[in-house]
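# A look at the structure
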Amino acid sequence: MSILYTTEATATGGRDGNARSVDGRLAVTLSTPKELGGNGAEGTNPEQLFAAGYSACFLGALKFVASKRKIKLSEETSVTATVGIGPRADGKGFGLDVALKVSVPGIEGNVARELADEAHIVCPYSEATRSNLAVRIDVA
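Description of the structure in this document. Small disclaimer: the values here were computed from a predicted structure and weren't measured. (Residues numbered from 1 in each chain as written. Predicted model: local features only at pLDDT ≥ 70, side-chain atom pairs only at ≥ 80, totals over all residues. Heavy atoms only, no water.)

The next thing to look at is the overall build of the protein chain. Looking only at helices and strands, the protein chain has three helices and six strands in total. Secondary structure elements of the protein chain, listed N to C terminal, follow the sequence β-β-β-α-β-β-α-α-β. Each principal axis of the C-alpha distribution contributes one length, and for the protein chain these read about 45 × 40 × 30 Å. The 140 residues of the protein chain split such that 32% are buried. At a minimum sequence separation of 6, the contacts of the protein chain that also span at least 24 residues come to 49%. For the protein chain, the exposed surface amounts to about 9,100 Å²; the carbon and sulfur share of it is 54%. Charged side chains of the protein chain number 15 positive and 16 negative; the gap between the two group centres comes to 3 Å. (Helix = DSSP H or I, 4+ residues; strand = E, 2+ residues; numbered from the N terminus. Buried < 20%, exposed > 50% of the residue type's maximum accessible area, 1.4 Å probe, protein only. Contact = heavy atoms within 4.5 Å. Areas by Shrake-Rupley, 256 points an atom, 1.4 Å probe, with all protein chains shown as cover. Lys, Arg positive; Asp, Glu negative; His and termini not counted. Charge placed at Lys NZ, Arg CZ, Asp CG, Glu CD.)

This paragraph deals with the sheet that holds strand E2 (residues 18–21). Sheet architecture is open: three strands sit in the order E1-E2-E3, paired in antiparallel fashion. The open sheet is flanked by strand E1 (9–12) and strand E3 (27–29), the only strands paired with a single partner. Each strand axis lies, on average, 10° off the axis of its neighbour in the sheet, ignoring direction. In this structure, E2 lies alongside E3, joined through three bridges in antiparallel fashion. Each residue of the ladder has a partner; that of asparagine 18, found in E3, is threonine 29. (Pairing = 2+ DSSP bridges. Axes fitted to C-alpha atoms, helices over the stretch in contact; angles between N-to-C directions.)

Set out below in structure tokens:
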């Protein structure tokens, strides 16, 4: 694989710390949600960051496959990623649950589904998770 872009981020303090990208464009305070035993302080968490990254990446993949098919997507096209975390069934750690809601206004339902299916093949987040978790995709 020919790498086109590389970035780096460092976290300190774990789920109750900070994370910052090497260029400083991303700098966030992290806090553990109450549901995971934290105090729910102001800050973000890895699941929110993953949801934001996956939804943005999947939307980019959707735009890419639409452009290859010469389909113009509305500015209102969106992808919402829902990310859950919980104990794995094997009792050896934690796992993620991911669902994507793809909204493609102005595009026929079957065409929107085809685009979402193609985007799921193209998206590097989908590729990274493909053998590790089942990503549910709902097309609206």
